[in-house]
Protein chains: 4
Amino acid sequence: MVSDKFLNLLYLPLTVYYYFMKKYRVGILGATGTVGQRFVQLLKDHPQFEITSLAASDRSVGKPYREACAWKLSGAIPEYVREIVVEPIEPPLECDLVFSSLPSGVARESEEAFARAGFPVISNSSAYRMDEDVPLLIPEINPAHLGLIEVQQRKRGFSKGFIVTNPNCAVVSFAPPLAALDKQFGVEAVFVTTLQAISGAGYPGVSSFDITDNVLPYIAGEEPKVEIEAQKILGKFVDGAIEKADFTVSAQCFRVHVIDGHTASIRVKLRQSSTLEAVFEAMNKFPSLSLYSSPKNFIEVCDEPSRPQPRLDRDNGKGMTITVGRLFPDNIFDYRFVSLSHNTVRGAAGAAILNAELLIDKGFI
Amino acid sequence: MVSDKFLNLLYLPLTVYYYFMKKYRVGILGATGTVGQRFVQLLKDHPQFEITSLAASDRSVGKPYREACAWKLSGAIPEYVREIVVEPIEPPLECDLVFSSLPSGVARESEEAFARAGFPVISNSSAYRMDEDVPLLIPEINPAHLGLIEVQQRKRGFSKGFIVTNPNCAVVSFAPPLAALDKQFGVEAVFVTTLQAISGAGYPGVSSFDITDNVLPYIAGEEPKVEIEAQKILGKFVDGAIEKADFTVSAQCFRVHVIDGHTASIRVKLRQSSTLEAVFEAMNKFPSLSLYSSPKNFIEVCDEPSRPQPRLDRDNGKGMTITVGRLFPDNIFDYRFVSLSHNTVRGAAGAAILNAELLIDKGFI
Amino acid sequence: MVSDKFLNLLYLPLTVYYYFMKKYRVGILGATGTVGQRFVQLLKDHPQFEITSLAASDRSVGKPYREACAWKLSGAIPEYVREIVVEPIEPPLECDLVFSSLPSGVARESEEAFARAGFPVISNSSAYRMDEDVPLLIPEINPAHLGLIEVQQRKRGFSKGFIVTNPNCAVVSFAPPLAALDKQFGVEAVFVTTLQAISGAGYPGVSSFDITDNVLPYIAGEEPKVEIEAQKILGKFVDGAIEKADFTVSAQCFRVHVIDGHTASIRVKLRQSSTLEAVFEAMNKFPSLSLYSSPKNFIEVCDEPSRPQPRLDRDNGKGMTITVGRLFPDNIFDYRFVSLSHNTVRGAAGAAILNAELLIDKGFI
Amino acid sequence: MVSDKFLNLLYLPLTVYYYFMKKYRVGILGATGTVGQRFVQLLKDHPQFEITSLAASDRSVGKPYREACAWKLSGAIPEYVREIVVEPIEPPLECDLVFSSLPSGVARESEEAFARAGFPVISNSSAYRMDEDVPLLIPEINPAHLGLIEVQQRKRGFSKGFIVTNPNCAVVSFAPPLAALDKQFGVEAVFVTTLQAISGAGYPGVSSFDITDNVLPYIAGEEPKVEIEAQKILGKFVDGAIEKADFTVSAQCFRVHVIDGHTASIRVKLRQSSTLEAVFEAMNKFPSLSLYSSPKNFIEVCDEPSRPQPRLDRDNGKGMTITVGRLFPDNIFDYRFVSLSHNTVRGAAGAAILNAELLIDKGFI
């Protein structure tokens, strides 16, 4: 207990330090949606960012955010954004960078427009994820992919703007442990079966009539995304391009009755045999970063037989930790385990914010 | 429409026929539990069986069923059993056969006692499933295994009694399509990930605090059962014993927030290549039987992208049909699909009743 | 048991009788919606009606029903309607009467058009419920209100067509016990708090994100409806008009996480004091009718302390019985109780079908 | 935003102040239960309390807390209690006061034992709530009731120990707005219908099979508690005793499918007429206290039509604010509204902690 209290005291200088950190002005594209609301929530006390612009579809333009947005997160809309008037999704906006949670349809055009206008675009949309010259970034895994920014700017004729994306929320639930294993033992093949939360479908999203006392065996477009994104994320940046990792992913995606937190059931075949302990360590010790939103543990492997569980573990590391459990040798492949991540934090808004923190740290912003 | 009405008319002779069918007196062991209640519900208008004895734990003995049983199925307790006084779980009972839904602990001893006392024991318990001389029966798949009854009686010194079991409810959700594929193409390996309903845990079973807005990645003892039972079910009866099928099953089992209906996510590797159409047909055309509880289709393969769903498809064929969907070529194994069955009907009480109907049909009762 | 089987035999002549009953051709307006689907399901084997026309919005017109309709009820779309081509919502349709489950906006105009074109319109829409010359019908309670039909035809210049409505689904959950009490003791005031099912909002209706782990304290427009409809239903038909019953209703309406079945928490103040037994009898013995869809008991009062429950009791009487429980003296008003009805059967499609059966029985069709 | 950041800076001295506050050593009786876990969670960084003893039933005694307790709250068991060895529920314990969340059966005897042994017992159990000489405390409403402590010690022969209780969790959801109205206008009668969360039943508590797609109309013993506790809470302390408030409460209590957060549907009859504005103000401006766990607003009246909602509003004021909404004139009584509180925070552990803070503030500890 004492140590705890003492810890609190230690935070004081940190708080002061944060207070005097440089602030970047942030714009949010698609500010009224589920992920947009998460951005607003997560940026509330962020030491490096302050929201100066909120952009959304015409329906919302001109209204104060409190009116334009049907707030669906716990508590009331944060004071500091209530009166911000929603602007159209067009550059310029009064800010230093934009976070985008636009539907992929709109995203393709709008994000390019902002990048061309000189804005760093940190996007959660799927529109550019698989473009050869766009980083599909998980800071702990493939920071080297930021090398693509220069390639992208040259190729697309962007002056100082650029687009960086984060992976699909389902992929995020298992790519980290996969990266840990690939790095040390090499991954040859992966079977993944996802049990995905309803918040992944946005709002109104899944009808209660469809999911109550039920499971949906189909999420439009999801299985292909899950099968291709991982190879790019785990790929190597070589002479200005990404060499995709050469393992195969087979995905079946289900929607289950959970609010937040995607669970993935995994079997993996490794190129190089290894002990259970080594596999445990490879994941559990995979280094986290020291950015503001970085969790203490990037991957946390628990050994209680009935964990991870979405409701109990999705908020580990403030929603930024990937929790792994049920790690056992498999009787067909090498190992099986269950992996969980918070789909609207580590899988969406939180991922983009961490990406922005890395971009600042590396001097791209 | 007309045809519909005409059909109704055609049922008349059938109803008369059923009315005059021979009736067997039935006892139920574990009559007050979730599965016991299903037996009572499913046997209500059954033409071949009439419940004459209800047996349960000491707590219930001596009470009329309506008092002893906390009825959890739709509607009130059927009139015809309300006043039956619950008896202890000991032979003899005033009946021609017993259905058992005893917890495996109790089952081992009690079921043997009834068999030794000359009663056919049709059991849903896991106690004897893997015993070499006990049939693990799915009538459409392995009726030949009834040959074990004679072996069993000889070995255990049973005069006319015997024990026949039905598989674990999770296994039932995918063993039928597997049998269809194994028969025609040979199965080499199977990855199965189950999304199981709460009713599988009995009552009170899963706490609402554990499963609401949640998924449980662990069901005690389930994964091993799922991995071993299928080989026995699909095995061959040769010289008085079962030669197990030689494929490997890897299982991960989850509890999801569904009342009834186990969903299985499957990838299968075949010994002999085949077209998607052939696989579809092999499953969809797998023959059903003409017993009273047999569904029109044993396996029904649907092609709507978002089916099967537990709430919409668990009652297909009055809960006795296995519904398959999302059948596609897999990019690691040969094929992937989703399979669904009603865990307390086809996976428990209904399975046992169908087993009893087969035993009568084959002259074992 | 024997009696049970014997009963089955007794049904034979009834089946024959039903087979030769006169068939009325039925059209359904709004056939693809939640209630529309219930009509299709409930009319499947109905002896008096056969669906000949399915009408829906332009989006669906010209498509076979199986394509136009996203079927959300258990099992597959009934064979007999799969290929019926959806027609526009305009008279004439090839039928003898129409059931309407149109949204009230559209209903006002379309239902009048059909009535004017000579069709009996049995409507579940709210559009005409409170019109002075339109019966708000619950066959067991106010059949005399059918006297309004003649008034309506004269006033609106309908030749043989007319409009009859059934009450709002929430009102149906408590109007019947109220009628029973009003008839014998007189009702002075009623506090009702409803716990309403998600199916009441249609499809997609309530977002799973809104109702999971939650309660919604507001249903648009519901409380006023609940407060005014009961007086009309329990009113008297005197010289061509309805004299409304003179009690006051105070309603608070909640949406809870239940699929089907509206629960109402009731406190009632009577004009004339009475014993608990008398109140119990007044409700429990309130006569049902002998129409095809009439349940054995119109109102069923149960005394188990924890009933009625939506999932266990909504299907009583095939969804047409009102189940009452928790009947006790109240410490402010006279009595309190809990009342439950199936909102899409007795509260919607089933109510309209029963209304049609009464209209035929009384010679209005 | 700036103001926000500035605020953070302002907290610094506060943090320092908290750090140097006097610490009281705390014991928890019933530490492994649902409420016991809440105590552990809420006391984690509490500036005035540090947990030194955890007591639970024999089953747990001697085990480290992490083993004895099946932790059901978000995240892992807090570090600082993991290794504390669970002690038996008997005085003495190494602490300055005890919090009790014992089941009322055990509570009656054990709490008296601790009080007699000189420990202040701050209890969440129902055992002593209605005893004449035991305060039923809500600090913002009836701090004067602490006068009973002296009476209690004299009467029971306690030297320095005593028992103080907090109300039933359902009562807490509406007693505060009631107190606000009673103070200004006088309350004559109240109809309350509660929609209570599953966590109120403890763990395992409500079976998922009972509450999924369902509502339970009965909670054992709840309605009487709700009907009698409010009068005591709102009573006056006059010459060493509580004069109960003279209004009548009629309660119907339902269990709904919500994890945390009790919702109450209220109609109230006032002794003195008043405007809607006055009623709004009376509740919204009811003063909070300046204790550590006091929320900024004790009662928060919102005017969005669809609030309060358990999932969105239960955490207002860190779970210590009562959120009121849907305030309207009623057509039978004077006003109707909906009131919500977090049942395991403001309705249990948080309530007891606030009581302890008041007791320290008033010099009783």
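Everything that follows concerns the structure shown earlier in this document.
The numbering scheme is per chain: residues are counted from 1 as the chain's sequence reads. A letter from A marks each chain and a number from 1 marks each ligand, given out in the order of writing. Reporting in this predicted model follows two pLDDT cut-offs: at least 70 for local features of residues, and 80 or more for side-chain atom pairs to be given and counted; totals over whole chains, interfaces and linings ignore these cut-offs and use all residues. Note: side-chain values were computed over all heavy atoms of the structure, leaving out hydrogens and water.

Asks: Quick rundown of the interface of chain A and chain D? Include the residues and the values.
Replies: Taken together, the contact pairs 30 residues of chain A with 30 residues of chain D. Summed over both partners, the interface of chain A with chain D comes to about 2800 Å²; 59% of that surface belongs to carbon and sulfur atoms. Two N or O atoms form a polar contact when they lie within 3.5 Å of each other; inside protein one atom must be a possible hydrogen donor and the other a possible acceptor, and for residues adjacent in sequence the pair counts only when both atoms belong to side chains. Inspection of the region where chain A meets chain D yields 2 residue pairs in polar contact (both at pLDDT 80 or more). Elements are defined by DSSP. Helices are runs of H or I of four residues or more, strands are runs of E of two residues or more, and each kind is numbered from the N terminus. Put simply, the parts of the chain that give the side of chain A that touches chain D at least two residues each are α1 (2-19), β2 (49-55) and α12 (310-313) of chain A. For the side of chain A that touches chain D, the element with the most residues is α1 of chain A, which contributes 9 residues. Here the side of chain A that touches chain D is composed, by residue class, of 14 nonpolar, 6 polar and 10 charged. Here, two residues are considered to be in contact whenever any of their heavy atoms come within 4.5 Å of each other. Put simply, buried area is how much 1.4 Å-probe accessible surface two parts lose in total, over both of them, once they are put together. Residues are grouped as follows: Ala, Val, Leu, Ile, Met, Phe, Trp, Tyr, Cys and Pro are nonpolar; Asp, Glu, Lys and Arg are charged; every other residue, Gly included, is polar.

Asks: Could you give an account of the pattern of salt bridges, with specific residues and numbers?
Replies: Here a salt bridge means any side-chain nitrogen of Lys or Arg lying within 4 Å of a carboxyl oxygen belonging to Asp or Glu. On inspection of all chains with the given rule, the structure shows 96 salt bridges over all chains. As a salt-bridge pair, R108 of chain A and D131 of chain A come within 2.8 Å of each other at their nearest N and O atoms. Taken together, the residues R108 of chain A in helix α5 (residues 104-116) and D131 of chain A in the loop between β4 (120-123) and α6 (148-156) connect sequence positions 23 residues apart. We classify R108 of chain A as partly exposed; its relative accessible area is 36%. Here D131 of chain A falls in the buried class, since its relative accessible area comes to 17%. Here R336 of chain D ties to E223 of chain C by a salt bridge, and the two come within 3.7 Å at their closest N and O atoms. Remark: E223 of chain C occurs in helix α10 (residues 222-233) and R336 of chain D occurs in strand β13 (residues 335-341); the pair is interchain, linking two chains. For every residue, the accessible area obtained with a 1.4 Å probe (protein chains only) is divided by the maximum for its type, and the residue is called buried under 20%, exposed over 50%, and partly exposed between those limits. Among the residues examined, R336 of chain D registers a relative accessible area of 6% and is labelled buried.

Asks: Run through the packing of aromatic side chains, naming residues and quoting values.
Replies: Pairing of aromatic rings covers Phe, Tyr and Trp, the last counted by its six-membered ring, and requires centre-to-centre distances within 6.5 Å; plane angles under 30 degrees mean stacked, over 60 mean edge-to-face, and any other angle means tilted. For the coordinates displayed, the defined rule picks out 34 aromatic pairs over all chains. Each ring, one from Y203 of chain A and one from F209 of chain C, has its centre 6.4 Å from the other, and the planes form 70 degrees; the classification is edge-to-face. With Y203 of chain A in the loop between β6 (187-196) and α9 (208-211) and F209 of chain C in helix α9 (residues 208-211), this pair bridges two chains. For Y203 of chain A, a relative accessible area of 37% corresponds to the partly exposed category. Taking 5.3 Å as the distance between ring centres and 35 degrees as the angle between the ring planes, the aromatic pair formed by F191 of chain B and F333 of chain B counts as tilted.

Asks: Would you mind going over unusual backbone geometry in detail, with residue names and values included?
Replies: Cis geometry is found at the peptide bond from P91 of chain B to P92 of chain B, where omega equals -5 degrees. By the element assignment, P92 of chain B lies in the loop between α4 (79-82) and β3 (97-100). Cis geometry marks the peptide bond from R307 of chain B to P308 of chain B; its omega dihedral reads 5 degrees. Mapped onto the secondary structure, P308 of chain B falls in the loop between β11 (299-301) and α12 (310-313). Backbone geometry at R326 of chain A places phi at a positive 50 degrees, although glycine is not the residue there. Among the secondary structure elements, R326 of chain A is positioned in strand β12 (residues 322-329).

Asks: Give a detailed account of the relation of the copies chain A and chain D, specifying residues and quantitative values.
Replies: For the least-squares superposition of copies, only C-alpha atoms count, and only for residues with pLDDT at least 70 in both. Mapping chain A onto chain D calls for a rotation angle of 180 degrees and an axial translation of 0.0 Å; the resulting RMSD is 0.0 Å. Each copy turns onto its partner about a two-fold axis. Counting the interface residues of chain A, we find that 100% of their copies in chain D are interface residues as well, pointing to one common contact surface.

Asks: Explain the relation of the copies chain A and chain B to me, using residue names and the numbers behind them.
Replies: Between chain A and chain B, which share one sequence, the superposing operator has a rotation angle of 180 degrees and an axial displacement of 0.0 Å; the RMSD is 0.0 Å. The overlap is high: 100% of the interface residues of chain A also sit at the interface in chain B, so the same surface is used on both sides.

Asks: Can you lay out the interface of chain A and chain B for me, pointing to particular residues and giving the numbers?
Replies: Reports of interface size often rely on the accessible area that becomes lost once the parts have come together. Taken together, the 48 residues of chain A in the interface contact 48 residues of chain B. Note on chain A versus chain B: buried area summed over both sides is about 4000 Å², and carbon and sulfur give 54% of it. Counting across the chain A and chain B interface gives 8 salt bridges. Across the pair R336 of chain B and E227 of chain A runs a salt bridge whose closest N-O atoms are separated by 2.7 Å. Across the chain A-chain B interface, the total number found is 42 residue pairs in polar contact (both at pLDDT 80 or more). Looking at the side of chain A that touches chain B, the elements that each hand over two or more residues are β6, α9, α10 (222-233), β9 (248-255), β10 (262-270), α12 and β13 (335-341) of chain A. In the side of chain A that touches chain B, the residues fall into 24 nonpolar, 12 polar and 12 charged.

Asks: How would you explain the sheet that holds strand β3 (residues 97-100) of chain A if you had to name every residue and give the values?
Replies: All names here are of chain A. One requirement defines pairing of two strands: DSSP has to find at least two bridges between them. If you trace the 5 strands from one edge of the open sheet to the other, you get β2-β1-β3-β4-β5, paired in parallel fashion. For this open sheet the edge positions go to β2 and β5 (162-165), each flanked by a neighbour on one side alone. The average angle at which neighbouring strand axes cross in this sheet is 25 degrees, direction not considered. Sheet topology places β4 next to β5; 4 bridges connect them, and they run parallel. Bridge pairing in β5 places P120 opposite F162. Across the sheet, helix α2 (residues 34-43) is in contact with β1 (24-29), β2 and β3; its angle to β1 comes to roughly 160 degrees. Fitting a line to C-alpha atoms yields each axis, with helices limited to the stretch in contact; the angle taken between N-to-C directions then spans 0 to 180 degrees.

Asks: Provide a residue-level description of the environment of L146 of chain C, including the pertinent values.
Replies: Residues and elements named next belong to chain C. Considering the arrangement of structural elements, one finds L146 in the loop between β4 (120-123) and α6 (148-156). Overall, the relative accessible area of 3% leaves L146 in the buried class. Separated by 21 residues in sequence, L146 and P167 place their C-alpha atoms 14 Å apart. Dropping the residues within four chain positions of it, L146 is found in contact with P135, L137, V164, L358, L359, K362 and F364.

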